[in-house]
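One letter stands for each residue in the lines below.
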Amino acid sequence: MEWELGSTDPEVRGLRHYVRRVAEGLGLAGNSSYIQSEPLSLYLAVDGRLPDRPQRDVALLWDERHGWAGAVETGCGEDLIVVSYLGGDPLPPPQVLADYTAALLRGQAYGQSTPPQFPVPEVRRGLRWLARSAGLARITQNYRDVALAGKVG
């Protein structure tokens, strides 16, 4: 995966943690995503094609105002073409994204055609929480590793 380098911003850290979980839920690995900090957004390449656009690569897009969208590449370097917006929640559980993506790749109508409008301060608050929870998870895992090493030795 590819991230915007050098950012210690808590919202960017939270988004990194979140997109890592989403990518794992989609079974993606390697260089499949890019995060931009202003405006806060991301691109996540998806394996597969849409039945009605078999010549175009598929991606998931996310931004702090509209949440997730399914899109196709144009092939000529222009902006991606959004085919639908997930709506509902700007930071849904990874399984929701997996279901949304699977439906898109099957050609099933899923989501909504108009972009939802999420309150950016609330979305950023959620990303800061994700950054803190990711940090706590690392601390807890490190503590468990140390405790296990002490018991074994």
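Just so it is clear, the structure is predicted and the values come from calculations on it, not from any experiment.

(A) Layout of helix α2 (residues 94–106). The end-to-end C-alpha distance of α2, which contains 13 residues, comes to 18 Å, matching closely the 18 Å that a straight helix rising 1.5 Å per residue would cover. Residues Pro 94, Leu 97, Ala 98, Tyr 100, Thr 101, Ala 103 and Leu 104 constitute the buried set of α2. Those residues of α2 hidden inside the fold are in contact with α1 (10–25), β2 (40–46), β3 (58–63), β4 (67–72) and β5 (81–85). Downstream of α2 by a residue or two, Gly 107 has a phi angle that is positive, lying close to 85 degrees.

(B) Spatial organisation of the environment of Ile 35. Locating Ile 35 in the fold gives a position in strand β1 (residues 33–37). Owing to a relative accessible area of 0%, Ile 35 belongs among the buried residues under this scheme. Linking Ile 35 and Trp 62, residues 27 residues apart in sequence, is a C-alpha distance of 9.3 Å.

Definitions and limits used
- Residues numbered from 1 in each chain as written.
- Predicted model: local features only at pLDDT ≥ 70, side-chain atom pairs only at ≥ 80, totals over all residues.
- Heavy atoms only, no water.
- Helix = DSSP H or I, 4+ residues; strand = E, 2+ residues; numbered from the N terminus.
- Expected span 1.5 Å × (residues − 1).
- Buried < 20%, exposed > 50% of the residue type's maximum accessible area, 1.4 Å probe, protein only.
- Contact = heavy atoms within 4.5 Å.

Limitation: the analysis is restricted to geometry and does not speak to function.
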